[in-house]
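# Results of the structural survey
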Amino acid sequence: MDSLYKEQLKRLKECHFLVLYWAADAEVKGVRYNITNAFDDLKELGITRTKQSVMAYVESLYMLCFIEVRDERNRKNVYLSESGAQALEDLVKSGNFKIKRSRFLEGMK
């Protein structure tokens, strides 16, 4: 099982890492982070141009059980799972990705 987890982590891209990171940051700040926020943030960074791409990134993280997606007040909010927290920690330790700002979360406390 450990080798499968390592293979999963190797296949994650910057977009996946950032969604995991921003979901975790939102939880720390006590705010909801949703798919539209992820799209706006990734678009501003030049990582994607379409919401369909962001939906695919989120769906892949959901299928790996790294996040939960909940329908709340007409929004699909993204929450980090326990295995997602572990994956995020391992990705940060790997140094393969840099943390980038989320315009949405920038103004949150």
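In this report, the structure presented in the accompanying data block is examined. (Residues numbered from 1 in each chain as written. Predicted model: local features only at pLDDT ≥ 70, side-chain atom pairs only at ≥ 80, totals over all residues. Heavy atoms only, no water.)

### Quick notes on the overall build of the chain
Cut-off, in case you're wondering: Think of it this way: any DSSP run of H or I at least four residues long counts as a helix, any run of E at least two long counts as a strand, and we number them from the N terminus. The globule rule is 2.2 Å times the number of residues to the power 0.38, and the radius of gyration it is compared with is taken over C-alpha atoms. The classification of residues rests on relative accessible area computed with a 1.4 Å probe and restricted to protein chains. Under 20% of the type maximum is buried, over 50% is exposed, and intermediate values are partly exposed. Residue contacts are counted whenever heavy atoms from the two residues lie within 4.5 Å of one another. To be clear on the numbers: accessible area is Shrake-Rupley with a 1.4 Å probe, and residue cover counts the displayed protein chains and nothing else.
Of the regular secondary structure elements, the chain holds 6 helices and 2 strands. Each helix and strand of the chain, placed in order from N terminus to C terminus, yields the pattern α-α-α-α-β-β-α-α. For 109 residues, the compact-globule estimate of 2.2 N^0.38 gives 13 Å, and the C-alpha radius of gyration of the chain, at 13 Å, lies within 12% of that figure. Along the three orthogonal principal directions, the C-alpha set of the chain runs to about 35 × 30 × 25 Å. For the chain, the proportion of its 109 residues judged to be buried stands at 39%. Contacts in the chain between residues far apart in sequence, at least 24 positions, make up 63% of those at least 6 positions apart. Accessible surface, the chain: about 6,900 Å² in total, of which carbon and sulfur atoms supply 50%.

### Here we look at the nonpolar core
Where we set the bar: Only buried residues count toward a nonpolar core, which is a set of Ala, Val, Leu, Ile, Met, Phe, Trp, Tyr and Cys residues joined through side-chain atoms within 4.5 Å.
Judged by nonpolar contacts, the single largest core of 30 residues is most densely connected at Leu-20, Leu-42, Val-54 and Phe-66. The leading source of residues in this core is helix 2 (residues 14-29), at 9 residues. Leave out the neighbours within four places in its chain, and Leu-20 touches Leu-61, Phe-66, Ile-67, Leu-80, Gly-84, Leu-88 and Leu-91.

### Section: the packing of aromatic side chains
The condition that has to hold: Aromatic rings from Phe, Tyr and Trp, with only the six-membered ring used for Trp, were paired whenever their centres fell within 6.5 Å, and each pair was classed as stacked if the ring planes differed by under 30 degrees, edge-to-face if by over 60, and tilted otherwise. Our definition puts a charge over a ring when NZ of Lys or CZ of Arg is within 6 Å of the ring centre and also within 35 degrees of the ring normal.
The final tally for this structure, using the stated rule, is 5 aromatic pairs. Centre to centre, the rings of Tyr-33 and Phe-104 are 6.0 Å apart; their planes meet at 55°, and the pair counts as tilted. Here the residue Tyr-33 occupies a position in the loop between helix 2 and helix 3 (35-44), and Phe-104 occupies one in helix 6 (residues 103-106), the gap between them amounting to 71 residues. In this structure an aromatic cluster arises from ring pairing among Phe-17, Tyr-21 and Phe-97. Looking at Arg-70, its charged tip hangs above the ring of Tyr-79, at a distance of 4.1 Å from the centre.

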